Amino acid sequence: MKNSHKWLWGLGIALAIAAVAIVVVWSGSLMVLDPKGPVAEIQKNLIWISVILCAVIIVPVLGIFAFIIVRYRDKPDNKAPYEPNWSHSTKLEAIWWGIPIVIVVLLGYFTVRDTYKLVKPPAETAHVAPVTIQVTSMDWKWLFQYPDQDIATINYINIPENTPIQFVLTSSAAMNSFWIPQLGGQTYAMPGMAMRMWLQADETGEYFGSGANFTGTDFAKMNFTVKSMSQDDFNDWVSKSQQETAKLDNAAYNKLSVKGTADIQTFGSMDPNLFNSIVIKNGGHHHPANGLDIRGAYPVKDGSNESSGSEPDAANQTSGLSQPEMNH
Amino acid sequence: MQQHIVSPEVHEHHTQEQESLKTAGFWLFLVSDTLLFGTLFATYVVLVGHTNGGPSGKELFEIPGFVASTFLLLTSSFTSGLAVLQMQAKKLSGMIFWLIMTLLLGAAFLYLEVTEFVNLVHEGANIGTSAFLSAFFTLVGTHGIHVTVGIFWCIGLIFQLRKHGITTVTKRKISNFSLYWHFLDVIWIFLFSVVYLMGVM
Amino acid sequence: MLDSIKDFAADFFVTGDPLIYGADVSIALVSIAIVFVLTYFKKWKWLWREWLTTVDHKKIGIMYLIASLLMLFRGGVDALLMRTQLALPNVEFLQADHYNAIFTTHGTIMILFMAMPMMFALFNMVVPLQIGARDVAFPFLNALSFWLFLMGAMLLNVSFVIGGSPDAGWLSYPPLSELSGSPGVGQDFYIWGIQISGIGSLATGINFIVTILKMRAPGMKLMKMPLFSWSVLSACITILFAFPILTITLALLFLDRYFGAHFFTLDGGGMSMMYVNLIWMWGHPEVYIVVLPAFGIFSEIVATFSKKTIFGYKSMVFAMMVISVLSFFTWVHHFFTMGSSADVNSFFAITTMAIAIPTGVKVFNWLFTMFRGRISFQSPMLWTMGFIPCFLVGGATGVMLAVAPADFQYHNSYFLIAHFHQVLIGGVVFGYLAGIYYWWPKLFGFKLDEKRGRWAFWTWNIGFYVCFFPQYFLGLDGMTRRVYTYGWDRGWAALNFTSTIGAFMMGIGFLFQVWQIAYSVRKGERATGDAWGGNGRTLEWSIPSPPPVYNFAVVPQVKHADDWFHVKEDKAKGIERPKQQLEPIHMPKNSAIPFVMASFFFLVGFGFTFHWTWMIIVGALGVFGSLFARSFSYDVDYYIPVDEVIETERKLGRSY
């Protein structure tokens, strides 16, 4: 190969590396890659692990690809070897059945590890009593209920920092998906179902949330803000909100059920049975023990802490929600 | 036209080739139909408990009815087998006789099914009552539609037999029909066990 | 009276949107123009005899091809409308409902009415020629499949001027797609359009399995069969197992909507989750159905244009079969976020990653086919080279999506959109285009112009990356799919604008291709039988381009894989295969029944959509009447005498 070619190759590779580096650094500012809580943090790490493991295959293969199409071009003076009937090599084929298998095993290990990790509430704050928020996806607004604080909001939530938040999700109409990228990945909000999901914010700040599964006309308007604040600020906000005269009862809920978008709103009190009735009305089931049959993640302190299997269940005590069935 | 160009033997050879392809294709069709019923069975099993406060199978299914249906359909499967035996013995009239028996039994089966459906609807258990009943009517009804199609198919084939006699082509058609009929029988046995027996248990 | 007609028309036709009025006018004008041209040139009879009633797989293939290119245009226009709407924040180009209808039809059309027929076009154009057969196993059924597809496609397409398009997403999850969420007729058009064409797809699957298993030329053992035919076999087996599930799923949704059943409704004990499971039990295999033939195409092209035997033939066959089986065990990865247990999610995460293994092996085998070969870059190879890096990256992001906990962050975001467009455009569309370029001269007798083809290739390719790479990052920045607008405060404007530029570049690439075809029809280079510089390896290159109606004057006796290559090699050494005796050729007769029967199916679908019972009855009677008419016709074949074969071959420059 001529020297000028080598020089061009070098330049190309250097430029490619520089471009990748710039993209990697810049992408750190994207929501999913800029996590503000332990769940999103685990997911971000997993994303980078999978990027690296994939790159281990992709980059060399792209290199081989570039090399082959340059070297084996059909031109009269090409001196590269030509073996038109060479079509089998057990050794080579074993290698390229083997390499992807190794990568998949590795990636599979990390995947399974974190899949199990994420159905449990964050381990770091296991001692902190969680805040429960019941989420209902409506046409086309989000209804949030704080059963323990006896308040409800539309299209915004405030949460205390460093506290596990137990979301219980459902929908009153089409299926939706509840997503706050900087705090963690999404879970479906489905009619007739109650789904548990754990998130937590490690610092104060304002985060973007949205519905991720198409729900009809004004789906694009189903965004909400999540404000993470200190425990004191949160307490202040709760007591201030409790002063609001608006009450979330059946009449208010029926008004909300009319199709259309909504502005943010706060209710100073709420009907404690409303959430369960929304789930049951759309085909949900009472759990034999008491309350709702909730799917998805474990309730707090279940499984993550081996010694506490028999301890009273904080989440269940505070909000009257029962154990989920883990095997469906 | 064909006679000018090729000898009857050659034409017969081509016909046999064509017919063997069609039999192979029909087997594949039955595979896809099995998948179709499999999906319906899966749906039924998932929804069987979703009675929405309405009646369940235990309250609705009547044992003499579905036992009689089963008896009729199994017998018709047997008679369709007899028709094929007659065909292999090249006895056209015996064959047509057993085919007519088959479709009469099939029609009787259908009569029972329609009566059952009508009774259910009169009792207020229709397709819109609950997810369970939606699945029930759809699964059993799909089988019923298959039987109906089979009956019309059989009638058509009897006319063709009278016109053309037992030829390579009509032979293949009757064999496929018989295959189809046995297949519906097998599906019914699953229906009988999964829907009716497990329903009344 | 007049008022009631007015009311009816206001209900029946879509009104109120200038874009739609424009479309109404252009549809009317195009229809008038077609009728005029056909009448003026006295082509009605020709149309009827040569096309509408044909059972010739080559003509059916060409009709599939034309239809799929039209659908590509329609789906592409949808895409450009969407990208225009999203180019900048708060654009008021499309209303929310209009946007929702457009992304729904875009997805439905691109998968079911573009990718599927383009795939069937290639099946029909190539498979019988490649295995040394004179037609498919069931030529009549083949024609019926085509007309069912076309009628289904028409049913979906009329929805946007009559009654209103579906707007619940391309897989239309209930309860949104139930009467409670979508009371209009759009959803019924969707169900019946897909249902009618779906019957055709299933029939095609059965047809080609039998064709490939039973009609190969003598001596062509399965392990000597060209890889494209293998890929068709694996895709058809997948069709056979997957499509019945789709049929049932849509039928249940129909029962919910039409008869008030409660399979997936909110009330009555319905379970919408079950629909999501069922539709993906079809939907995921469907993705592999469309991509497997593309793999077959690349295998043929890479070998031909590297002048080298395909590397690892057995691995390739094995890999395709593994993919076909595994594709049925990955469906849950479309809804990891549904709250299944960690066991379930882990299982499906692993199976999904596992499917990357055989796929990766195929890429290695293609690379090592080129290694120590002599590569020339004509259009088919160019698209194959565009495919490899694109599919590698798309495959890698697919593996990333399989990582269940990470998927919670990608799901339903633009990351997902970018991924599946990368595998579907980079894999399927590039593959089919490569195949069309490759076999075009065989079917039409002339080559497509290389220069314009290159322009098309580069605009398509660069446009692709400009369009879809930004979308990965949009997804990571929290942009979800199916939003018709977004605010300036999100900071998504620059990436979206870039993406829109890319989309329009691909549109220009498509226009180049239209120009390329128009140009080549007049000025294209005549193609010989062995059209690609005499480097063809498989049987289709041994016969004239375009092939005579009976394809092979004598059925070839096959000795090797890549038999035609060996015939040429032997000939160079002076070894000739013995000449075979010509015999009268057995052929199927044309029939009008497929076209008529499919038209009645259209009536059934249209009747169900608008709840017009009389039309359903007319349609159903027509369908059954057609079935009986076919069952009672015994005069369905004819023979081409030897003299006529000799004469035809002589005109094509071949002597016997």
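Residues numbered from 1 in each chain as written. Chains lettered and ligands numbered in written order. Predicted model: local features only at pLDDT ≥ 70, side-chain atom pairs only at ≥ 80, totals over all residues. Heavy atoms only, no water.

The next subject is the packing of helix α2 (residues 38-71) of chain A against helix α13 (residues 379-402) of chain C. Put simply, α2 of chain A and α13 of chain C touch, their axes get as near as 9 Å, and they point 170° apart. On the basis of the axis angle, α2 of chain A is roughly antiparallel to α13 of chain C. Crossing handedness for the pair α2 of chain A and α13 of chain C: right-handed. Taking contact as the criterion, the partners of I47, S50, V51, C54, I58, V61, L62, F65 and I69 of chain A in α2 of chain A are, on α13 of chain C, M385, I388, P389, L392, A396, V399 and M400 of chain C. Residues of the contact of α2 of chain A with α13 of chain C, tallied by class, amount to 15 nonpolar, 1 polar and no charged. (Axes fitted to C-alpha atoms, helices over the stretch in contact; angles between N-to-C directions. Helix = DSSP H or I, 4+ residues; strand = E, 2+ residues; numbered from the N terminus. Parallel < 35°, antiparallel > 145°, perpendicular 65-115°, else oblique. Left-handed = near helix turned anticlockwise from the far one by under 90°. Contact = heavy atoms within 4.5 Å. Nonpolar A, V, L, I, M, F, W, Y, C, P; charged D, E, K, R; others polar.)

Attention shifts here to the sheet that holds strand β8 (residues 194-199) of chain A. All names here are of chain A. Read from one edge to the other, the open sheet built from 7 strands follows the order β12-β3-β2-β1-β5-β8-β14, with strand pairing classed as mixed. Edge strands, defined here as strands with exactly one partner in the open sheet, are β12 (265-267) and β14 (294-296). Adjacent strand axes in the sheet meet at a mean angle of 25°, parallel and antiparallel pairs treated alike. Alignment of strand β3 (residues 151-154) against β12, held across 3 bridges, turns out to be antiparallel. In the sheet register, I154 faces β12, and the bridge partner there is Q265. (Pairing = 2+ DSSP bridges.)

Moving on, we get to the packing of aromatic side chains. Residue and element names in this part refer to chain C. By the definition in use, this model includes 117 aromatic pairs over all chains. Between F305 and W532 the ring centres are 5.3 Å apart and the planes differ by 65°, which places this aromatic pair in the edge-to-face class. Residue F305 is found in helix α9 (residues 272-306), and its partner W532 is found in the loop between α17 (493-523) and α18 (563-572); the two are separated by 227 residues along the sequence. Considered together, F305 and W532 belong to a single accessibility category, that of buried residues. (Phe/Tyr/Trp six-rings, centres within 6.5 Å; stacked < 30°, edge-to-face > 60°. Buried < 20%, exposed > 50% of the residue type's maximum accessible area, 1.4 Å probe, protein only.)

At the interface, 91 residues of chain C touch 88 residues of chain A. For the pair chain C and chain A, the summed buried area comes to about 7,700 Å², and 69% of that belongs to carbon and sulfur atoms. Of all residues in chain C, the largest losses of buried area upon contact with chain A belong to R372, R374 and Q409 of chain C, amounting jointly to 11% of the total for that side. Viewed at the interface, chain A and chain C are joined by 2 salt bridges. (Buried area = accessible area lost by both parts, 1.4 Å probe. Salt bridge = Lys/Arg side-chain N within 4 Å of Asp/Glu carboxyl O.)

Looking across the 2 pairs of chains in contact, one finds the most contacts between chains A and C. With respect to C-alpha atoms, chain A approaches chain B no nearer than 9 Å, and the pair has no contact.

Another point: the pattern of salt bridges. In the structure shown here, the tally under the stated rule is 21 salt bridges over all chains. Of the charged contacts in the structure, one is a salt bridge between E41 of chain A and K44 of chain A, with a shortest N-O distance of 3.6 Å. Of the two residues, E41 of chain A and K44 of chain A both sit in helix α2, 3 residues apart, roughly one turn of that helix. A relative accessible area of 32% places E41 of chain A in the partly exposed class. We classify K44 of chain A as buried; its relative accessible area is 18%. Here E83 of chain A ties to R372 of chain C by a salt bridge, and the two come within 2.8 Å at their closest N and O atoms. Here the residue E83 of chain A occupies a position in the loop between α2 and α3 (90-118), and R372 of chain C occupies one in the loop between α12 (356-370) and α13, the pair thus bridging two chains. Here the residues in one salt-bridge network are D34, K36 and E203 of chain A, joined through shared partners.

Residue and element names in this part refer to chain A. Pairing in this open sheet of 5 strands is mixed, and the strands run β4-β10-β9-β6-β7 from one edge to the other. Bordering the open sheet on either side are β4 (156-160) and β7 (184-189), each of which pairs with just one other strand. Each strand axis lies, on average, 20° off the axis of its neighbour in the sheet, ignoring direction. The pairing of strand β6 (residues 176-180) with strand β9 (residues 205-211) spans 2 bridges and is antiparallel. Note that in β9 the partner of W179 across the bridge is S210.

Confidence along chain A averages 87 in pLDDT terms, with 88% of residues attaining 70 or more. The model gives residues 302-328 of chain A a pLDDT under 50, and that stretch makes 49 contacts with residues more than four places away or in other chains. (pLDDT = per-residue confidence, 0-100.)

Here we take up the interface of chain C and chain B. Contacts between chain C and chain B engage 37 residues on the former and 42 residues on the latter. Contact between chain C and chain B buries roughly 3,400 Å² in total, counting both sides, with carbon and sulfur atoms accounting for 74%. Of all residues in chain C, the largest losses of buried area upon contact with chain B belong to I248, Y634 and Y639 of chain C, amounting jointly to 21% of the total for that side. One can count 0 salt bridges joining chain C with chain B. Counting the contacts that link chain C with chain B gives 8 residue pairs in polar contact (both at pLDDT 80 or more). Those elements that place two or more of their residues in the side of chain C that touches chain B are α7 (186-214), α8 (227-259), α9, α20 (613-632) and β2 (637-640) of chain C. Considering each element in turn, the side of chain C that touches chain B owes the most residues, 9 residues, to α8 of chain C. (Polar contact = N/O pair within 3.5 Å; in protein donor to acceptor, adjacent residues only side chain to side chain.)

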